[in-house]
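# A closer look at the structure
Read off the chains here:
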Amino acid sequence: EDWQPLERLAAEQRLSPATLARRLRAEGQSLSAIRDEIRQAQARIMLAEGRLKVAEIAARLGYAEPSAFHRAFLKWTGTSPAAYRTDKQG
């Protein structure tokens, strides 16, 4: 996944990075929280579909290592990616 830096997103909205960050905070959000929400939703879909290996899903979501994705998914859901997949396919 190609995650754009705050500076680029701000430029696309014709805002300064500080203004974009301030507006996100005013909405109770941050760019990293939004990215995590998107990654989590995409991970759940890809795991449920069952076509890709966990390492492939991790790479597609922008994780340098499958172990980093595993830790993030465990934090989000309380279960491992493999257990989530088994539950959704079973």
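In this text, all values refer to a predicted model and were calculated from it rather than measured experimentally.

## So, the packing of helix H3 (residues 31-49) against helix H6 (residues 81-89)
For the pair H3 and H6, the least separation of the axes is 8 Å and the interaxial angle reads 60°. When the axis of H3 is compared with that of H6, the two are oblique. H6 is crossed by H3, and the crossing has right-handed handedness. In contact with Arg44, Met46, Leu47, Ala48 and Glu49 of H3, H6 contributes Pro81, Tyr84, Arg85, Lys88 and Gln89.

## A look at the nonpolar core
Residues Ile57, Leu61, Tyr63, Phe69, Phe73 and Trp76 are the most contacted members of the largest nonpolar core, which totals 13 residues. Those elements that provide at least two residues to this core are H3, helix H4 (54-60) and helix H5 (66-77). It is H5 that provides the largest number of residues to this core, a total of four residues. Residues within four places of Tyr63 in sequence aside, it is in contact with Arg39, Ala58, Ala68, Phe69, Ala72 and Trp76.

## Things to note about unusual backbone geometry
With a phi angle near 60°, Arg14 is a residue other than glycine that sits in the positive phi range. Within the secondary structure layout, Arg14 lies in the loop between helix H1 (6-12) and helix H2 (17-26).

## Observations regarding the environment of Arg14
When its relative accessible area of 76% is taken as the criterion, Arg14 is described as exposed. In sequence terms Arg14 and Pro81 are 67 residues apart; their C-alpha atoms lie 38 Å from each other.

## A look at the environment of Gln29
As for its placement among the helices and strands, Gln29 is situated in the loop between H2 and H3. If we ignore the near neighbours within four places in the chain, the residues touching Gln29 are Leu24, Ile34 and Glu37.

## So, the packing of H3 against H5
Where H3 meets H5, the closest approach of the two axes is 11 Å, and the angle between their N-to-C directions is 95°. Our classification of the angle between H3 and H5 gives roughly perpendicular. Contact residues: H3 offers Asp36, Arg39, Gln40, Ala43, Arg44 and Leu47, while H5 offers Phe69, Phe73, Trp76 and Thr77. In the contact of H3 with H5, the residues fall into five nonpolar, two polar and three charged.

## Some thoughts on the pattern of salt bridges
What the rule picks out here adds up to two salt bridges. Residues Arg8 and Glu12 are paired through a salt bridge, measuring 3.7 Å at the closest nitrogen-oxygen approach. One end of the pair is Arg8 and the other is Glu12, both in helix H1 and four residues apart, which spans about a single turn. Under the relative-accessibility criterion, Arg8 is labelled partly exposed at 44%. Between Arg51 and Glu49 there is a salt bridge, and its shortest N-O distance comes to 3.2 Å. Overall, the relative accessible area of 66% leaves Arg51 in the exposed class. The exposure class assigned to Glu49 is partly exposed, which follows from its relative accessible area of 42%.

Cut-offs and rules
- Along each chain, the written sequence defines residue order, and numbers are assigned to residues from 1.
- It should be noted that, the model being predicted, local features are given only for residues of pLDDT at least 70 and side-chain atom pairs only at 80 or more, the latter also being counted only at that level, while totals for whole chains, interfaces and linings use all residues.
- To get the side-chain values, take all heavy atoms of the structure and skip hydrogens and water.
- Axis angles are defined between N-to-C directions and span 0 to 180 degrees, where every axis is a line fitted to C-alpha atoms and, for a helix, only to the segment in contact.
- Here a strand is any run of E in DSSP of at least two residues, a helix any run of H or I of at least four, and the numbering for each starts at the N terminus.
- Here the word oblique covers every angle except those under 35 degrees (roughly parallel), over 145 (roughly antiparallel) and from 65 to 115 (roughly perpendicular).
- Put simply, a crossing is left-handed when the front helix is turned counterclockwise from the back one by less than a right angle, and right-handed when it is turned clockwise.
- In what follows, a contact means two residues having at least one pair of non-hydrogen atoms within 4.5 Å.
- Residue types Ala, Val, Leu, Ile, Met, Phe, Trp, Tyr and Cys, when buried and joined through side-chain atoms within 4.5 Å, form a set referred to as a nonpolar core.
- Using a 1.4 Å probe on the protein chains alone, a residue whose accessible area is under 20% of its type maximum counts as buried, one over 50% counts as exposed, and one in between counts as partly exposed.
- As a working rule, the residues Ala, Val, Leu, Ile, Met, Phe, Trp, Tyr, Cys and Pro are called nonpolar, Asp, Glu, Lys and Arg charged, and the rest polar, with Gly in that last group.
- Salt bridges are defined by distance alone: a side-chain nitrogen of Lys or Arg within 4 Å of a carboxyl oxygen of Asp or Glu.

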